[in-house]
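Residues per chain are reported as follows:
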Amino acid sequence: MAIKNVTVIGAGTMGSGIAQVFAANGFNVTLVDTEQIYIDKGIKTISSSLDRQIKKNIITVDQKDATLKNIVTSTHLESIPNNTELIIEAIVENKSAKLSIYNMLNNILNQDCIFASNTSSISITELAASTRPDRFIGMHFMNPVPMMQLVEIIRGYATTDATFEVIKQLAISLGKIPVEVFDYPGFVANRILMPMINEAIFALYEGVASAQDIDTVMKLGMNHPMGPLTLADFIGLDVCLAIMEVLYDGFNDSKYRPCPLLKKMVAAGKLGRKSKEGFFKYD
Ligand SMILES: NC(=O)c1ccc[n+]([C@@H]2O[C@H](COP(=O)([O-])OP(=O)(O)OC[C@H]3O[C@@H](n4cnc5c(N)ncnc54)[C@H](O)[C@@H]3O)[C@@H](O)[C@H]2O)c1
């Protein structure tokens, strides 16, 4: 199955990056969000990312223009082109919000269309159950999408080999490196990463060290390119909390309990870079 027409739902941190990468590789992309302001923000993010690539001589101005021309936008799910061969959902990390989108799309799109979710942690099998389990898959891009090579490809219980192969080849055609993962909470990336971030937040909460010093220990001591608290700010603290809750519920194990400080910061709207303040402040 050759894929040419892709719809990305959610124009936030991940959806804008995913749309950019597909468009830069010549796919026709429809980018959907609920309000025009979110679409505008997403397109601005894409444009700035492409400008940085021009500055670094990775692409030309013409390539930027061609990428932007490959993206059309919409604020209505009903207007998704019916020749869409692949939907990539990148909305908030909330199971019922995701399910309501799939239910709506299931009636609009033809049966061959593959549904992929960029979920960080929610069960692909559970997301797939009410739609088309054989053609449903996890396509977990990393942030920032244009820079990061990995795509975790998660097989739900009923995902067919044919669907898996199409998505694996597609990831390769985008210049990414796919890794096959089976469907358990947090998959591989976040099952390992999030407990480390959560533990760093506990260390801050218990006064073991300052935020800056916790990050310095992990950067200089473990050779991590960025400290766990800076990374949490980059991912979004709401996303981190949602993933910890999926791990906690999914494994029913107290070692995954989200740190109270993480919960408090999310409740206070301190979400990291996207709200200009998390563990650190951003202008
Ligand atoms: N942030 C990360 O580092 C990261 C990394 C990998 C995967 N993810 C996953 O990607 C998904 C998106 O995360 P994000 O960080 O981009 O979130 P985000 O909050 O930056 O963006 C979510 C976007 O979805 C839109 N949206 C919400 N409901 C919608 C609906 N019904 N229809 C259309 N659009 C809707 C919002 O308006 C927003 O623009 C989540 O499942 C998250 O777990 C995030």
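Residues numbered from 1 in each chain as written. Predicted model: local features only at pLDDT ≥ 70, side-chain atom pairs only at ≥ 80, totals over all residues. Heavy atoms only, no water.

A.B. asks: Describe the site of the ligand, listing the residues and the values that go with them.
C.D. replies: Residues in close proximity to the ligand total 22 residues, the closest being Met14, Asp33, Glu93, Lys98 and Ser120. Take isoleucine 91: an N or O atom from its main chain is 3.3 Å from an oxygen atom of the ligand. In the environment of the ligand, a nitrogen atom lies 3.0 Å from a nitrogen or oxygen atom belonging to the backbone of isoleucine 235. Protein burial of the ligand: of its 830 Å² of free accessible surface, 86% is covered by the chains. At the level of secondary structure, the elements contributing two or more residues to the shell around the ligand comprise helix H1 (13–24), helix H4 (95–108) and strand S6 (136–141). (Near = heavy atom within 4 Å. Polar contact = N/O pair within 3.5 Å; in protein donor to acceptor, adjacent residues only side chain to side chain. Areas by Shrake-Rupley, 256 points an atom, 1.4 Å probe, with all protein chains shown as cover. Helix = DSSP H or I, 4+ residues; strand = E, 2+ residues; numbered from the N terminus.)

A.B. asks: Please provide a residue-by-residue account of the side chain of threonine 67, values included.
C.D. replies: For threonine 67, the position within the fold is in helix H3 (residues 61–69). Each residue touching threonine 67, except ones within four places of it in the same chain, is listed here: Gln20, Ala23, Ala24 and Leu50. (Contact = heavy atoms within 4.5 Å.)

A.B. asks: Can you tell me about the pattern of salt bridges, naming the residues and giving the values?
C.D. replies: Following the criterion strictly, the structure yields nine salt bridges and no others. Close ionic contact of glutamate 93 with lysine 98 constitutes a salt bridge, the shortest N to O distance being 3.7 Å. With relative accessibility at 1%, the residue lysine 98 sits in the buried group. A salt bridge links glutamate 180 to arginine 155; the nearest nitrogen and oxygen atoms lie 2.6 Å apart. Remark: arginine 155 occurs in strand S7 (residues 150–155) and glutamate 180 occurs in strand S8 (residues 177–182); sequence separation between them is 25 residues. Taken together, the shared-partner salt bridges connect Glu89, Glu93 and Lys98 into one network. (Salt bridge = Lys/Arg side-chain N within 4 Å of Asp/Glu carboxyl O. Buried < 20%, exposed > 50% of the residue type's maximum accessible area, 1.4 Å probe, protein only.)

A.B. asks: A description of the domain arrangement of the protein should follow, citing residues and the corresponding values.
C.D. replies: With domains assigned, the protein is organised as domain 1 (5–182) and domain 2 (191–274). Its C-alpha centre places domain 1 at a distance of 26 Å from the equivalent point of domain 2. With six residues of domain 1 in contact, the opposing surface of domain 2 contributes six residues. For the domain 1 and domain 2 pair, buried surface summed over both sides reaches about 550 Å², with 66% attributable to carbon and sulfur atoms. It is Glu93, Ser121 and Asn143 that lose the most area in domain 1 upon contact with domain 2, and together they represent 59% of the buried surface on that side. The interface formed by domain 1 and domain 2 contains zero residue pairs in polar contact (both at pLDDT 80 or more). Looking at side-chain class alone, the side of domain 1 that touches domain 2 contains two nonpolar, three polar and one charged residues. (Domains from an automatic or database assignment. Buried area = accessible area lost by both parts, 1.4 Å probe. Nonpolar A, V, L, I, M, F, W, Y, C, P; charged D, E, K, R; others polar.)

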